[in-house]
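# A look at the structure
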Amino acid sequence: STAARPPAAPLCSRKQSMSPSLDSLPEPSLVFSRLDLATATSLAAVSKSWRAGCHEPLCEPRWQFFLQSRWGVEATDRPREALAWLETAVRKEMACSYRRGFETMFSGGAFSLSVHVDHALLAESELFESELFWEAPARKLLLWLPLHERRRLASFVCHDSHPRASLDRVLRAFPQAGSPSPLAALRGLLLQFPFLPIDAGSGADRVIGLFSMHWLRDNPSAWASVGLDGGLPLPEARHTVYSLVYATIVLNTDLHNPAVKTKMSRAQFLTNCREAPYLQFVPERLLLETYESIRTSPLAIAPGPRGRSVSSIVRSTGDEEIDVAATLSTHSTLGPEAVAAAAAAAEAAGGAAARAPEVDWVVAYYNVLDMLRWARARVAPLHLASVMAVAVVAAVSLALAPALLSPAS
């Protein structure tokens, strides 16, 4: 005889009994903490599942978490709608101007957003609270935006219209403690804050100066590795790290820019560094390690080959960010084929080559100033006047170069 079996439970019922709700998970925060890098579309899909498996009071704190982790802000109400607005309307505004995007965020429109501001910091810096609003979102956006958008944001952060203290606070979000050398710290910073001298202009000088101070402050036990005495005042020690970082960037350009045909040798790099007053006591071993590291692995702003070269220049005016195609120098030895290829790439990118980047006269000024400082230290006083005359002629030539090279001339 056969015993009667109870009817099998429907498949949907068995799935429901085997799948616990989000409320019953042992540690739901482990699930939610991995969604902070999801896109707005993915978050919306997850939200639809949440509404089926949990109550709205449980979901709302999670949206606040996403707002804080992705944008550095909190919403007084409707955090899900606020996040959707930021990811769509505000990001569209930032595609043209980060300043207008940040102003839109805190203009008091459809959503009331707030950031945590250290009021002790306000008292010390004598800044208005609104001047600090953009810093917290900027630090968060630099962690997850696509590379080109992060380049534009870094260019905005580096602009001279912002107080030096603002740049300092943004860079503090990327600690350097534990970096054995300035080069290791620089590689780490570039992956998180992709500032390029070609993008940042004079702002790159401020970044490198603050970066040097931060590395020294965060790594007091590593001072000896760059030839510094631990008892040296921090502003004086900064000159050595600052000069070493600049020498590293110049070396990277020399070794990996295809327009530079004659590459710098190890011996030349050592000689150049020894001629710099603040690099005379840097250990030779560190300089050789720096050369070899840059030779085999160039500086990069993103993992892989795409982070080692760029095909455009991003400049911030303070009010907007402008993309222009990278152009070759009139003295380049790459030849007409490379020029034609660059023009074709610019046309494919939307005709950006029609706007030529302006000459950065601040950089040109400091180049002439560095030459005069070198002459003062190396040239006899009787010949100093002739060297200064050459510098003046060089400066005048730079000023007249655009007119002399124009088609009408």
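Since we're looking at a predicted model, the values are computed, not measured.

## What about the environment of Ala136?
Its place among the elements puts Ala136 in helix H8 (residues 135–141). Ala136 sits in the buried class, given a relative accessible area of 14%. Remark: the alpha-carbon pair of Ala136 and Ala173, spanning 37 residues in sequence, is separated by 9.5 Å. Contacts of Ala136, omitting those with residues within four sequence positions, involve Trp71, Gly72 and Val115.

## Quick look at helix H16 (residues 284–296)
The terminal C-alpha atoms of H16, which comprises 13 residues, lie 18 Å apart, in line with the 18 Å expected from a rise of 1.5 Å per residue. Buried residues of H16: Leu286, Leu287, Thr290, Tyr291 and Ile294, and no others. Down the axis of H16, the buried set is contained in an arc of 140°. They therefore lie on one face. Along H16, the residues that are exposed and aim more than 90 degrees away from the buried face are Arg285 and Thr296.

## A closer look at the pattern of salt bridges
Taken as a whole and assessed by the stated rule, the structure comprises twelve salt bridges. Residue Arg91 pairs with Glu149 through a salt bridge whose shortest N-O separation is 2.9 Å. Taken together, the residues span a long stretch of sequence, with Arg91 in helix H5 (residues 79–94) and Glu149 in helix H9 (residues 147–157) at a distance of 58 residues. In this structure, Arg295 and Glu292 form a salt bridge, with 2.4 Å as the shortest nitrogen-oxygen distance. Here the residue Arg295 and the residue Glu292 both occupy positions in helix H16, the gap between them amounting to three residues, near one helical turn. Overall, Arg295 belongs to the partly exposed group, its relative accessible area being 40%. On the accessibility criterion, Glu292 (27% relative accessible area) is partly exposed.

## Some words on empty space enclosed by the protein
One way to see where empty space is left: roll a probe the size of a water molecule over the atoms. In this structure the tally under the stated criterion is one cavity of 30 Å³ or more. Considering only enclosed or pocket space, the largest cavity measures out at about 50 Å³ in volume. Residue lining of the largest cavity: Ser181, Pro182, Leu183, Leu186, Leu244, Val245, Thr248, Leu286 and Thr290, and that is the complete set. Looking at the lining of the largest cavity, the elements that each hand over two or more residues are helix H11 (182–192), helix H14 (234–256) and H16. Split by residue class, the lining of the largest cavity holds six nonpolar, three polar and no charged.

## Concerning the nonpolar core
Within the largest apolar cluster, 77 residues are counted, with the highest numbers of intra-cluster contacts made by Trp71, Phe102, Met105, Leu113, Leu153, Phe193 and Phe195. At nine residues, H14 tops the list of elements feeding residues into this core. If we ignore the near neighbours within four places in the chain, the residues touching Leu113 are Val73, Glu74, Ala75, Ala82, Trp85, Leu86, Met105 and Phe106.

## Some thoughts on the side chain of Gln64
If you trace the backbone, Gln64 turns up in helix H4 (residues 56–71). A polar side-chain atom of Gln64 sits 2.6 Å from the main-chain carbonyl oxygen of Ala75. Apart from the residues within four sequence positions on either side, Gln64 is in contact with Glu74, Ala75 and Pro79.

## Re the confidence of the model for the protein
Per-residue confidence for the protein gives a mean pLDDT of 73, with 57% of residues at or over 70. The lowest-confidence element of the protein is helix H1 (residues 11–18), averaging 40 in pLDDT; the highest-confidence one is H16, averaging 95. Confidence over residues 8–23 falls short of pLDDT 50; this stretch has eleven contacts with residues more than four positions distant or in other chains. For residues 399–409, every residue scores under 50 in pLDDT, and the model assigns this stretch four contacts once sequence neighbours within four places are set aside.

## Quick look at the packing of aromatic side chains
Think of a pair of aromatic rings as described by two things: how far the centres are apart, and how the planes are tilted against each other in angle. As enumerated under the stated definition, the model contains twelve aromatic pairs in all. Taking the centre distance of 6.1 Å and the plane angle of 35° together, the rings of Tyr98 and Phe102 count as tilted. Residue Tyr98 and its partner Phe102 are both found in helix H6 (residues 98–105); the two are separated by four residues, about one turn of the helix. Aromatic ring contacts, followed pair by pair, group Tyr98, Phe102, Trp134 and Phe156 into a single cluster. Here the guanidinium or amino end of Arg70 rests over the ring plane of Trp144, the centre of that ring lying 3.8 Å away. Above the ring of Tyr242, the side-chain terminus of Arg238 is found at 4.8 Å from the ring centroid.

## Quick look at unusual backbone geometry
One non-glycine residue, Arg78, lies in the positive phi region at around 50°. You can see Arg78 is positioned in the loop between strand E1 (74–75) and H5. Take Arg78: its relative accessible area is 40%, and that puts it in the partly exposed class.

Rules and cut-offs
Residues numbered from 1 in each chain as written. Predicted model: local features only at pLDDT ≥ 70, side-chain atom pairs only at ≥ 80, totals over all residues. Heavy atoms only, no water. Helix = DSSP H or I, 4+ residues; strand = E, 2+ residues; numbered from the N terminus. Buried < 20%, exposed > 50% of the residue type's maximum accessible area, 1.4 Å probe, protein only. Contact = heavy atoms within 4.5 Å. Expected span 1.5 Å × (residues − 1). Arc of directions from axis to C-beta. Salt bridge = Lys/Arg side-chain N within 4 Å of Asp/Glu carboxyl O. 1 Å grid on protein atoms, 1.4 Å probe; cavity = no way out; pocket = protein on both sides within 12 Å on 5 of 7 lines; lining within 4 Å. Points joined across faces, edges and corners; volume = space filled by probe spheres on them. Nonpolar A, V, L, I, M, F, W, Y, C, P; charged D, E, K, R; others polar. Core = buried A, V, L, I, M, F, W, Y, C linked by side-chain atoms within 4.5 Å. Polar contact = N/O pair within 3.5 Å; in protein donor to acceptor, adjacent residues only side chain to side chain. pLDDT = per-residue confidence, 0-100. Phe/Tyr/Trp six-rings, centres within 6.5 Å; stacked < 30°, edge-to-face > 60°. Lys NZ or Arg CZ within 6 Å of the ring centre and 35° of its normal.

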